[in-house]
Amino acid sequence: MAVRLVVLDCDLTLWDHPNVSELRSPFTRADDETVVDADGIQVRLFPGAKPLLKGLRERGVLISIASWNRPEPVFEILLLLDLVDFFTRPKVEFHPYKERTITALLDELQSEGIDLMADQVLYVDDRALHLRRVKLAVGPVHTLQPGTDITDLRQVLEFVDSHLV
């Protein structure tokens, strides 16, 4: 089945920082792909992040987030980098149970009339544990692990294109 929803983790998946919940607000925008926290610590989008989001939008694929973080820094970063509008029902919760987060996302989408089968979902996360737990709880979602399955986020588009049928 065609991939109709791509769910992205943030830390070490969308951007290069391992835990933005540790950073201090306020953040400032350094450039189109980088923000800096109050202590001068940088958070930079991984190569291909913006082309991925734009490409998914052009293909009509829904995009969301499942992130284990405090919501405030994540949304502040997304806002500063002009990325907020790409995401449908982004889920940023301070617990490691991504299977709960993604189940809640799918339930919300279903309540809005968007019915998705598990095999229409692609979940991208840097941690294999999260990928396994989501598959066990949600069903046969597609998964990609940066650093293992892909080396550049633009490869997510290649995966989606190969599952358009």
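Quick caveat: nothing in here was measured; it's all calculated off a predicted structure. (Residues numbered from 1 in each chain as written. Predicted model: local features only at pLDDT ≥ 70, side-chain atom pairs only at ≥ 80, totals over all residues. Heavy atoms only, no water.)

### Some words on the overall build of the chain
Phase 1: Scanning the chain from terminus to terminus reveals five helices and eight strands.
Phase 2: For the chain, the N- to C-terminal ordering of α and β elements is β-β-β-β-α-β-α-β-α-β-α-β-α.
Phase 3: With respect to the principal axes defined by its C-alpha atoms, the chain has extents near 45 × 30 × 30 Å.
Phase 4: Partitioning the contacts of the chain with sequence separation of at least 6, the portion at a separation of at least 24 is 65%.
Phase 5: When the accessible surface of the chain is split by element, carbon and sulfur atoms take 52% of a total near 7,900 Å².
Phase 6: The centroid of the 18 positive side-chain charges in the chain is displaced by 1 Å from the centroid of its 27 negative side-chain charges. (Helix = DSSP H or I, 4+ residues; strand = E, 2+ residues; numbered from the N terminus. Contact = heavy atoms within 4.5 Å. Areas by Shrake-Rupley, 256 points an atom, 1.4 Å probe, with all protein chains shown as cover. Lys, Arg positive; Asp, Glu negative; His and termini not counted. Charge placed at Lys NZ, Arg CZ, Asp CG, Glu CD.)

### So, the sheet that holds strand S7 (residues 121–124)
Phase 1: Read from one edge to the other, the open sheet built from five strands follows the order S6-S5-S1-S7-S8, with strand pairing classed as parallel. Because the sheet does not close on itself, it has two edges, and the strands there are strand S6 (91–93) and strand S8 (142–144). Neighbouring strand axes in the sheet, compared pairwise and without regard to direction, differ in orientation by 15 degrees on average.
Phase 2: In this structure, strand S1 (residues 5–8) lies alongside strand S5 (residues 62–68), joined through four bridges in parallel fashion. Looking at S5, one finds that Leu5 is bridged to Leu62.
Phase 3: Relative to S5, helix H3 (residues 98–111) is tilted by about 150 degrees, and along the sheet it contacts S1, S5, S6 and S7. (Pairing = 2+ DSSP bridges. Axes fitted to C-alpha atoms, helices over the stretch in contact; angles between N-to-C directions.)

### Topic: the environment of Asp32
Phase 1: Tracing the chain through its elements places Asp32 in the loop between strand S2 (28–31) and strand S3 (34–36).
Phase 2: Given the relative accessible area of 49%, Asp32 is considered partly exposed.
Phase 3: The sequence separation of Asp32 and His130 amounts to 98 residues, and the corresponding C-alpha distance is 29 Å.
Phase 4: What Asp32 contacts, discounting residues up to four positions off in sequence, is Leu45, Lys50 and Leu81. (Buried < 20%, exposed > 50% of the residue type's maximum accessible area, 1.4 Å probe, protein only.)

### A look at the side chain of Asn69
Phase 1: With respect to the helices and strands, the residue Asn69 is situated in the loop between S5 and helix H2 (71–80).
Phase 2: Among the polar contacts listed, one links the side chain of Asn69 to the side chain of Asp11, at a separation of 2.8 Å.
Phase 3: Residues contacting Asn69, with those up to four places away along its chain left out, are Asp11, Asn19, Val20, Ser21, Val74, Val92, Glu93 and Phe94. (Polar contact = N/O pair within 3.5 Å; in protein donor to acceptor, adjacent residues only side chain to side chain.)

### Considering the pattern of salt bridges
Phase 1: Under the counting rule described, the total for this entry stands at 14 salt bridges.
Phase 2: Glu72 serves as the salt-bridge partner of Arg70, at 3.8 Å between the closest nitrogen and oxygen.
Phase 3: A relative accessible area of 52% places Glu72 in the exposed class.
Phase 4: Arg154 is the salt-bridge partner of Asp152, the closest N and O atoms lying 2.8 Å from each other.
Phase 5: Connected through salt bridges with shared partners, the residues Arg89, Lys91, Glu108 and Glu112 form a single ionic network. (Salt bridge = Lys/Arg side-chain N within 4 Å of Asp/Glu carboxyl O.)

### Overview of the nonpolar core
Phase 1: With 36 residues, the main nonpolar core has Val6, Leu8, Leu14, Trp15, Phe87, Leu122 and Val156 as its most contacted residues.
Phase 2: Discounting chain neighbours no more than four positions away, the residues touching Leu14 are Leu8, Asp9, Leu45, Phe46, Ala49, Leu78, Phe87 and Leu153. (Core = buried A, V, L, I, M, F, W, Y, C linked by side-chain atoms within 4.5 Å.)

### Some thoughts on the pairing of S1
Phase 1: A two-sided burial pattern is seen for S1, the buried positions comprising Leu5 and Val7 on one face and Val6 and Leu8 on the other.
Phase 2: Taken together, the four bridges between S1 and S7 define a ladder with parallel strand orientation. In the strand pairing of S7, Leu8 is matched with Val124.

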